[in-house]
Amino acid sequence: MEPITSNWKTGDIVTLQRAEKTLKTTDNSFFKEFVNSHYVCVREASKGERGILVKVLGKAPDSSLEIIEDRPFAKDGVDQMFDNVTYYSYPFAKAIEIEEVLSIIRHNPELLNVFESISMHIDTEATFWVRETTRNMLFMKQLQFFDASQSLTCVAKENKAHYRLSIVYYYNSELVW
């Protein structure tokens, strides 16, 4: 959790300072989730309710993802050092979080214009990768996506591309992701 200096309003374009969380460490590799850059405020914080910031990362096929510590992971960034490498991924949102965000955007069409203005296209009836994974009969973890047109979470079976969203909550001078 990082301290924040502003109480953003719905429709604001927010630039977050880089923050990281380590997911996994091996002998010479680190896997971290991070947030940074431009997000759109889709709900401002109020008494008892966290504010929501959203970043649309575009579409990605499942072949570009892997599972690290039971979470989907996309290599959005890499730092190659002499004796180790660090991979970075924006955090994936839970299905229930995506459903809430899409509902907010559907009820406020001006938000679509804000996303478009910073080249973040979003289709509120599309499919979205989710943080939750499931196991197949061989106990292997499988990726899942949320189908917004049916409000349904499905197992990824084909190499189809789905949107990625990074969602950050803020309240009382803290960021939670």
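This one's a predicted model, so the numbers in the text were calculated from it and none came from an experiment. (Residues numbered from 1 in each chain as written. Predicted model: local features only at pLDDT ≥ 70, side-chain atom pairs only at ≥ 80, totals over all residues. Heavy atoms only, no water.)

A. Seen up close, the packing of aromatic side chains. Counted under the stated rule, the structure contains six aromatic pairs. Look at F34 and Y88: their rings are 5.7 Å apart centre to centre, the planes differ by 70°, and that puts the pair in the edge-to-face class. Of this pair, F34 sits in strand β2 (residues 29-43) while Y88 sits in strand β7 (residues 85-89), and the two are 54 residues apart along the sequence. What makes F34 buried here is its relative accessible area of 5%. The exposure class assigned to Y88 is buried, which follows from its relative accessible area of 6%. Members of the aromatic cluster, each reached through a chain of ring pairs, are F31, F73 and Y87. Positioned over the ring face of Y39 is K55, at 5.6 Å from the centre of the ring. (Phe/Tyr/Trp six-rings, centres within 6.5 Å; stacked < 30°, edge-to-face > 60°. Helix = DSSP H or I, 4+ residues; strand = E, 2+ residues; numbered from the N terminus. Buried < 20%, exposed > 50% of the residue type's maximum accessible area, 1.4 Å probe, protein only. Lys NZ or Arg CZ within 6 Å of the ring centre and 35° of its normal.)

B. Looking closely at the nonpolar core. Core analysis: the largest hydrophobic core is formed by 25 residues, its most contacted members being I98, F115, F128 and I167. Elements represented by at least two residues in this core include exactly β2, β3 (51-61), α1 (95-106), α2 (110-117), β8 (127-135) and β11 (161-171). Among the elements that line this core, the one with the most residues is α1, at five residues. The next biggest cluster of nonpolar side chains, apart from the first, holds 16 residues, and it includes V14, L16, F34 and Y39. (Core = buried A, V, L, I, M, F, W, Y, C linked by side-chain atoms within 4.5 Å.)

C. Up close: the environment of L143. Note that L143 resides in strand β9 (residues 141-147). You can call L143 buried: its relative accessible area is 11%. Placed 10 residues apart in sequence, L143 and T133 show a C-alpha to C-alpha distance of 5.1 Å. Not counting residues up to four positions away in its chain, the partners in contact with L143 are D62, L65, I67, P72, W129, C154, V155 and A156. (Contact = heavy atoms within 4.5 Å.)

D. Seen up close, the side chain of R164. Relative to the elements of secondary structure, R164 occurs in strand β11. Looking at R164, its side chain comes within polar contact range of the side chain of D76, at 2.8 Å. Among all residues touching R164, those that are not within four sequence positions of it are K55, V56, L57, G58, A60, A74, D76, S89, Y90, F92 and W129. (Polar contact = N/O pair within 3.5 Å; in protein donor to acceptor, adjacent residues only side chain to side chain.)

E. Seen up close, the pattern of salt bridges. As enumerated under the stated definition, the model contains 11 salt bridges in all. With a closest N to O distance of 3.4 Å, E49 and R43 form a salt bridge. Taking the relative accessible area as the measure of exposure, R43 reaches 15% and is therefore buried. When the shortest N-O distance is used, the salt bridge between K75 and E66 registers 3.3 Å. For K75, a relative accessible area of 45% corresponds to the partly exposed category. Overall, E66 belongs to the partly exposed group, its relative accessible area being 29%. Through salt bridges that share partners, R18, E20 and K32 make up one connected network. (Salt bridge = Lys/Arg side-chain N within 4 Å of Asp/Glu carboxyl O.)

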